[in-house]
Amino acid sequence: MARLFCFPLVLPAMAVKDKSVELASVPVDLMGVNDRIARIKARSIKSEAKVAGLHMALSMIDLTTLEGSDTAQKVRQLCYKAIHPHDELEGIPTVAAVCVYPTMIRTAKEALKGSAVRVASVATYFPSGQSTLEQKLEETRFAITEGADEVDMVISRGRFLAGEYAYVLDEIKAVNALCKEHSVDLKVILETGELGSLDEVRKAADLALLADPTFIKTSTGKIAQAANMQVTLVMLEAISDHYDRTGIRVGMKPAGGISDAKTALHYLMMVKEVLGEDWLTHKRFRFGASRLANDILMQLRKQQTGLYQSPHYFSKD
Amino acid sequence: MTKDWNLSAAPESTSHIQLQSEYGLFIGGKWIKPSDGSYFDTSNPATEKRIASIALAGKKDVDAAFKAADHAFDGWSSLSGAERGKYIFRIARIIQEKSREFAVIESMDGGKPIRESRDIDIPLAAAHFFYYAGWADKLDYVFPGRKMRPLGVAAQIIPWNFPLLMAAWKIAPALACGNTVVLKPAETTSLTALKLAEVIDEAGLPPGVVNIITGDGATGALMTAHPTPKKLAFTGSTEVGKQIYKAAIQGGKKVTLELGGKAANIIFDDAPIDAAVEGIINGIYFNQGHVCCAGSRLFVQETVYDEVLAKLKRRMDSLIVGDPMDKNTDIGAINSKAQLKTIERYLKLGSEEGAEIYQPACNLPEKGYWCKPTLFTNVAQSNRIAQEEIFGPVLAIQTFRTIEEVIEKANNTPYGLSAGVWTDKGSKIFQLTKELKAGVVWANTYNKFDPTSPFGGFKESGFGREGGIHGLEAYLSFD
């Protein structure tokens, strides 16, 4: 259905603390969110739909390694896996990107040369974001110079929770401008596990969307509470409303905590039902995950042979 | 990459169900052929195919059923509460064990999506038996200091929209309080009640405590006019409810009626809109709108009307209409040809009254009885589609400006069964729950049921409450 671009962003009755950013407060109802998720999870995704969905999910993965102990060799292994997820299976896609720290970009870039797999780098003092804007921009610039195709930034959660929305928005805008200047895609990590409520998640998503980044993203994967279907639904609804207002399609990346294929298919069903099929592409939807790929591969293998193969047959990188 | 990621067919298996081709009457713990040998067919509304022949109970059969129930009453009512509870718990457990079979049969016979019968109807039916089984030995604590006794034989007539669930609502509290029962399911959906008779048999209830007879409106009339029952319990249309009320008064019987509705579902501009849209869908398209408490009148505050309408239409477009046995179906088949005709008459009437119709562009199966999810905008309060119960997937939308206006409009109906309120503001919820004349008011949700919660109407939606401890009162007399 054609979308209408007529919903006002600002409801004057609902002003927020920081008057310099006019941010509508959109209520979120936890019961409603849970009901919607239950209904999506009741969808039965079988046979051809399952295979198509698994292929799609694989093509949307950002294979990630973000450890202090990362080595060049580990990154190279991950890159090989990104291009060759499982050579025994024919006709399967590559993953979308490999996600690393800035110092590993060159290594990844080199290893992925000639493939369509992109290099994503975290930046802006990931994962805490506890630094000045100048230093964050400096790190972003470094990542871009090193050759990152995509930058995953974190928002200043402390400032956001203190109600300093203008500060946070300016930061996102500054990083986004720098990325756009070099045709680099930006993902904005809200770190929803630190925001305390779905209302705050919605507000943070709306704030980030005001900067029109390429993606908004749930989590760093560095704290216990990573992506779940609740925050993802709330963020997808924010993206939907943003599209209705502006006609701009911002992407979504749940990250961390999604490790099985069945859950991934439920996420895709959520995207389809909330945003529509225009978002069912790696250009607009990603999974930040490292273990998910192997479960998808195992399921695809099972679809072909009817049997589950031992996990030992799938490379752990 | 992939465009058109469509779901593959996901049919629920039907191979495990056990159905006979002919069903008799369950009277006095035995299966009996109808005295005059009449049967009628029950068919699958999604395929129009016959499923089984069902006995048509005549006068002799109705007499026999009440005689059996009357005969069983002394024994049953003098059992200890704990003993009665044991039987009812057993029924609950067997329903749970057979839940898949019940769900499949419910969807085959009635047309509702398997997702609903599997996730809502059958688990809730079991939950009602569990809940009332628990009260059987605790009645003295429910009504402390009061001397109570069961009423005797109860005549119970249930509708076709939630066949097994309504049987559970009726039978469970009656048994817990020590009454015996003659129950008649609706003509188009007798099968799960007959399967329930098998469960009751398997649970070893003394013969005659529960008798299940099948038939049409004439059988129902024989039941309500019968001198034996001390209590009439009916769920169904307001029209039939009025006749039953008359019969109850003439016979000096206790009566509870759960009748029609035309519920207002009210969306304020400070509501969680996405959740509200989902609530509208659940409110009116649940069970094809064959729901007495369906949110069939939608009131949207004018400032969010465009947003709500656009989102509602988009969500309607994503609903899957078709084979009730497919696990992904959102909207199944209309229960009967007659009901489809009624709905279609209202669709025509709505357009004639000047309302604007919207239906998604989905394909409907060729065989069977189907109606697309429908909404009407530009509806006036005086339109018949806004006043009369359609009992189908048809929503009438109006806008409002002030809270006083919407309360007045919402209450401006002969019905008063249920209502929905969507707002982020607690004080508004409390004002509306107080001022709306409806038995159930849902806040920021819709069509949520639980055995602990009483359910029932105001005005022409009936009286008496089912569910919760209120539901016990309807089956007891107090000294």
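Residues numbered from 1 in each chain as written. Chains lettered and ligands numbered in written order. Predicted model: local features only at pLDDT ≥ 70, side-chain atom pairs only at ≥ 80, totals over all residues.

Quick look at the environment of Ile334(B) now. All names here are of chain B. Note on placement: Ile 334 falls in the loop between helix H11 (305-317) and helix H12 (337-352). Accessibility expressed as a C-beta count within 10 Å gives 26 for Ile 334, which makes it buried. Along the chain, Ile 334 and Val 142 lie 192 residues apart, while their C-alpha atoms are 41 Å from each other. Other than its neighbours up to four places away in sequence, Ile 334 contacts Pro 45, Gly 111, Gln 288, Gln 339, Leu 340, Ile 343, Tyr 369, Trp 370, Cys 371 and Gly 392. (Helix = DSSP H or I, 4+ residues; strand = E, 2+ residues; numbered from the N terminus. Buried ≥ 20, exposed ≤ 12 C-beta atoms within 10 Å, placed from the backbone. Contact = placed C-beta atoms within 7 Å.)

The subject of this paragraph is the interface of chain A and chain B. Contacts between the two partners involve 30 residues from chain A, matched on the other side by 29 residues from chain B. Counting residues per element, the ones that place at least two in the side of chain A that touches chain B are helix H1 (30-41), helix H2 (47-59) and helix H10 (261-274) of chain A. Among the elements that line the side of chain A that touches chain B, the one with the most residues is H2(A), at seven residues. For the side of chain A that touches chain B, the residue count by class is 14 nonpolar, six polar and 10 charged. (Nonpolar A, V, L, I, M, F, W, Y, C, P; charged D, E, K, R; others polar.)

Here we come to the domain arrangement of chain B. Residue and element names in this part refer to chain B. Splitting chain B by domain gives domain 1 (22-259 + 459-478) and domain 2 (264-443). On a C-alpha basis, the centres of domain 1 and domain 2 stand 30 Å from each other. Ranked by the residues each element gives to the side of domain 1 that touches domain 2, the list is headed by helix H4 (residues 114-135), at three residues. (Domains from an automatic or database assignment.)

Attention now moves to unusual backbone geometry. Cis peptide bonds are those with omega within 30 degrees of zero, and the linkage from Phe126(A) to Pro127(A) qualifies with 0 degrees. Within the secondary structure layout, Pro127(A) lies in the loop between strand E3 (118-122) and helix H5 (133-146). Look at Tyr125(A): it is not a glycine, yet its phi comes out positive at around 60 degrees. In this structure, Glu48(B) is a non-glycine residue whose phi angle is positive, near 65 degrees.

Here we come to the packing of helix H2 (residues 81-97) of chain B against helix H7 (residues 191-202) of chain B. Residue and element names in this part refer to chain B. Running from N to C, H2 and H7 cross one another at 125 degrees; their axes reach a closest spacing of 9 Å. Between H2 and H7, the crossing angle belongs to the class labelled oblique. Judged by the sense of rotation from one axis to the other, the crossing of H2 with H7 is right-handed. Counting all contacts with H2, which are made through Ile 91, Ile 94 and Ile 95, the residues of H7 involved are Val 199, Ile 200 and Glu 202. Taken together, the residues of the contact of H2 with H7 break down into five nonpolar, no polar and one charged. (Axes fitted to C-alpha atoms, helices over the stretch in contact; angles between N-to-C directions. Parallel < 35°, antiparallel > 145°, perpendicular 65-115°, else oblique. Left-handed = near helix turned anticlockwise from the far one by under 90°.)

Residue and element names in this part refer to chain A. One open sheet holds the eight strands; their spatial order is E7-E6-E5-E4-E3-E2-E1-E8, and the pairing between them is parallel. The sheet is open, and its two borders are formed by strand E7 (251-253) and strand E8 (287-289), each paired with just one other strand. Pairs of neighbouring strands in the sheet enclose a mean axial angle of 25 degrees, with direction left out of account. As paired strands, strand E5 (residues 185-189) and strand E6 (residues 215-217) are joined by three bridges and run parallel to one another. Bridge assignment links Lys 187 to a residue of E6, and that residue is Phe 215. (Pairing = 2+ DSSP bridges.)

A few words now on the pairing of strand E13 (residues 297-301) of chain B. Residue and element names in this part refer to chain B. Counting buried positions along E13 gives five out of five residues, so the element sits mostly inside the fold. In E13, alternate side chains face the same way, and those of Arg 297, Phe 299 and Gln 301 on one face and Leu 298 and Val 300 on the other are all buried. The pairing of strand E12 (residues 264-267) with E13 spans four bridges and is classified as parallel. Pairing of Ala 264 across the sheet is with Arg 297, part of E13. With helix H10 (residues 273-285) bridging E12 and the parallel E13, this β-α-β connection has right-handed handedness. (Right-handed = clockwise from strand over helix to strand, strands pointing away.)

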